[in-house]
Structure formats: structure tokens, C-alpha cells
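Analysis of the macromolecular model
Spelled out from the first residue to the last, the chains are:
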Amino acid sequence: MDVKIFKLSDRYIRFEIDGITPSQANALRRTLINDIPKLAIENVTFHHGEIRDSEGNVYDSSLPLFDEMVAHRLGLIPLKTDLTLNFRDQCSCGGKGCSLCTVTYSINKLGPSTVFSSDLQAVSHPDLIPVDGEIPIVKLGAKQAILITAEAILGTAKDHAKWQVTSGVSYKYHREFHVSKKEFDDWQKIKESCPKSVMSENDEEIVFTDDFGCNDLNILFESDGVNIKEDDSRFIFQFETDGSLTAKDTLLYALNRLKDRWDMLVESLSE
């Protein structure tokens, strides 16, 4: 199996895998969607009652939204994730919650103001902050306040969508467009707009591939003088992440996870 990366950023990757079967490609797709660990808030404790600031002003910590709605919003905030953390049910603490499997957060803010994800302070692991600090959570009125503590743990998307790292996970076969220069007049325009997609060219024919994601090639699907060929042993994948993990780390984890699962399957069959 060979992996070739076409485009890579912190949150997006487009790559080719050569030498696998369609069933293996689909297994990788499902692993990328459902089986990548991610940190997300699971438990939220609301501290209700009167709160006084340093000047003696009294604030009411009851919120304009139900606690359940605020907790749900907190759970969906993408958090930077450390894959060295343990799953809570596999931790040496026996599921009680410790620094090896649990990250503690707090929010303490007075109104009138809007509470954003940047107000979520990581207490035990200061580096594991929200990916985006401008996600609104709740709007506080005058004399209102919010005081909460929250626990985040690792989970996967097969249990809840809040633990889903990736989106837009898709793949296709490697595809080649053999274009007759005589029958298709606009081949020169496509060559200029998609120079990286040109695979070969001679006096009579030019061959394009859409592996690099050039949208101008879409016109070739319904044009005369175009012969399309696909290779079902070469797969072009793409996906993006929510920022909790980089695209590279996500792909590496998925490939290692698949290897471990296949090894377990082979071992169980041999037994």
C-alpha cells in the first residue's frame, strides 16, 4: 500500500492510496468518520445562587437558557485533543476520573455580556483549549452570571456526534480523461486552468486527471471526444477536521487503528 499526499493543511488533506481493495477503502472511510478519539465535554456542573464581585455587587447565576441547552452547546465545542490521554473506562483510575483521562474546565463570567467558547478555561490541561474562541454559548443580562465546572473525556463518533473529528470524508477511483484535441475545442482552456492535472499530451490527445480536485474538469463528463478511464485499485481520499486534531494526525491514527483491528481479526480467526 502506497500513500501519496496531494494537498495538506492543518484541517484538510487530499491524498491517494494505491494497492487496496474497495472494501479496504470503505473500511478506512468508516474509521475516519466513526473511530477517531476526540476530547469533548461530557459532564457539566452548574453552580446556582448569588455571586458577589469584588465590589460587593450581587449577581444571580440562573441563566436565560435551560441548563440542558447550555450543557449541550458546551459538549459540541471542538477542543484541542491529546491522544496520549486514556479513555476513561480504560484508565487506571477505574473510571473515577483523573488527570490521565479527564480534562477539567470552568467558566466564571458576569453580565451583561455574551459568553463565548474562549471563556472556557482549561484547569488541568492548559493547552487543551477550544479550537475556535468565538463560538457563542449564552447571552447574560444585567445582574446575571455564569459559574460552571465541566469535565471532558475522550470518545468516538460511534457513541455521539460531539466526538466526531472529521467531516466530508469521501473517496473516488483514480480517473483519467483522454481528450481528443480534434473533437473537444476547449482543451487548451482546461490545460491553462488545471496545469497540475495534465498527465500526458501529444499532437492528437491530452490526458487529464481529477485527482487534484480541479473543478474545471467537470465539463469533461458530458463532452464529446472524451474517453473516461478509472482504476479501481487507486483511491483518492479527502476530508477535513474540526481542528481538534490535525488532518495528518487523524490519517495516521486511522491507518494504525485499521492495522490493529485487522491484526485482531486475523488472530481471532487463527484461534
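The present account deals with the structure reproduced in this document. What you are looking at is a predicted structure, and each value in this text was computed from that prediction instead of being measured.

Criteria and thresholds
Residues numbered from 1 in each chain as written. Predicted model: local features only at pLDDT ≥ 70, side-chain atom pairs only at ≥ 80, totals over all residues. Heavy atoms only, no water. Phe/Tyr/Trp six-rings, centres within 6.5 Å; stacked < 30°, edge-to-face > 60°. Helix = DSSP H or I, 4+ residues; strand = E, 2+ residues; numbered from the N terminus. Buried < 20%, exposed > 50% of the residue type's maximum accessible area, 1.4 Å probe, protein only. Salt bridge = Lys/Arg side-chain N within 4 Å of Asp/Glu carboxyl O. Pairing = 2+ DSSP bridges. Axes fitted to C-alpha atoms, helices over the stretch in contact; angles between N-to-C directions. Core = buried A, V, L, I, M, F, W, Y, C linked by side-chain atoms within 4.5 Å. Contact = heavy atoms within 4.5 Å. Parallel < 35°, antiparallel > 145°, perpendicular 65-115°, else oblique. Left-handed = near helix turned anticlockwise from the far one by under 90°. Nonpolar A, V, L, I, M, F, W, Y, C, P; charged D, E, K, R; others polar. Patch = residues over 30% accessible without salt bridge, like charges linked within 9 Å, V, L, I, M, F, W, Y side chains within 5 Å. Areas by Shrake-Rupley, 256 points an atom, 1.4 Å probe, with all protein chains shown as cover. Disulfide = S-S within 2.5 Å.

In the structure shown here, the tally under the stated rule is 7 aromatic pairs. When the centroid spacing of 5.3 Å and the interplanar angle of 5 degrees are considered together, the rings of Phe15 and Phe237 count as stacked. Placement of Phe15 in strand β2 (residues 12-18) and of Phe237 in strand β14 (residues 226-241) is noted, with a sequence separation of 222 residues between them. On the basis of relative accessible area, Phe15 is assigned to the buried category, the value being 0%. Aromatic side chains Phe15 and Phe239 sit 6.4 Å apart centroid to centroid with 85 degrees between the ring planes, which places their arrangement in the edge-to-face category. Residue Phe15 is found in strand β2, and its partner Phe239 is found in strand β14; the two are separated by 224 residues along the sequence. Residue Phe239 is classed as buried on the basis of its relative accessible area, which comes to 1%. Among the aromatic residues, ring-to-ring pairing joins Phe15, Tyr171, Tyr173, Phe235, Phe237 and Phe239 into one connected group.

Here the focus is the pattern of salt bridges. A complete count under the given rule lists 15 salt bridges for this structure. Across the pair Asp210 and Arg175 runs a salt bridge, and its minimum N-O distance is 2.4 Å. With Asp210 in the loop between β13 (205-209) and β14 and Arg175 in strand β11 (residues 166-180), this residue pair connects regions lying 35 residues apart in the sequence. Arg175 carries the same exposure label as Asp210, and that label is buried. Salt bridges linked by common partners bring Lys172, Arg175, Asp210, Asp211 and Glu230 together as one network.

Most of strand β10 (residues 145-155) is tucked away, with 8 of its 11 residues classed as buried. Pairing of strand β6 (residues 102-110) with β10, which is carried by 9 bridges, proceeds in the antiparallel orientation. Paired with Lys109 across the strands is Ile146, a residue of β10.

It is worth spelling out the sheet that holds β2 at this point. Overall, antiparallel pairing links the 6 strands, which are arranged β1-β2-β14-β11-β13-β12 in an open sheet. Edge strands, defined here as strands with exactly one partner in the open sheet, are β1 (2-8) and β12 (198-201). Put simply, the sheet's adjacent strands are angled 20 degrees from each other on average, direction ignored. Where β11 and β14 come together, 12 bridges link them in antiparallel fashion. Its bridge partner being in β14, Phe177 is matched across the sheet by Ile228.

Our next topic: the nonpolar core. Counting 24 residues, the largest nonpolar core has Leu39, Leu74, Leu79, Tyr105, Ile107, Ile137 and Ile146 as the members making the most contacts within it. Looking at this core, the elements with two or more residues in it are β3 (38-46), α2 (67-75), β6, β9 (136-140) and β10. Ranked by residue count, the leading element in this core is β10, at 5 residues. If we ignore the near neighbours within four places in the chain, the residues touching Tyr105 are Leu39, Leu79, Leu120, Gln121, Ala122, Val123, Leu128, Ile148, Thr149, Ala150 and Ala152. Counting 19 residues, the second-largest nonpolar core is a separate cluster that includes Leu32, Val169, Leu245 and Ala247.

Here we come to the packing of helix α1 (residues 22-34) against helix α4 (residues 247-270). In contact at an axis separation of 9 Å, α1 and α4 are set at 120 degrees when each is read in the N-to-C sense. It follows that α1 is oblique to α4 by the angle criterion. Where α1 crosses over α4, the two elements pack in a sense that is right-handed. Taken together, the residues of α4 that come into contact with α1 (itself represented by Gln24, Ala27, Leu28, Thr31 and Leu32) are Thr250, Leu251, Ala254, Leu255, Arg257, Leu258, Arg261 and Trp262. Here the residues of the contact of α1 with α4 are counted per class, giving 8 nonpolar, 3 polar and 2 charged.

On the surface, Met1, Val3, Ile5 and Leu8 cluster together to form a nonpolar patch covering roughly 380 Å² of accessible area. The topology assignment puts Ile5 in strand β1.

Considering all chains together, one arrives at 1 disulfide under this definition. Between the sulfur atoms of Cys194 and its disulfide partner Cys214 the distance amounts to 1.8 Å. Disulfide Cys194-Cys214: the torsion about the S-S bond is -55 degrees, which places it as left-handed. One end of the pair, Cys194, is in the loop between α3 (187-193) and β12; the other, Cys214, is in the loop between β13 and β14, with 20 residues separating them in the sequence. Judged by its relative accessible area of 3%, Cys194 is buried.

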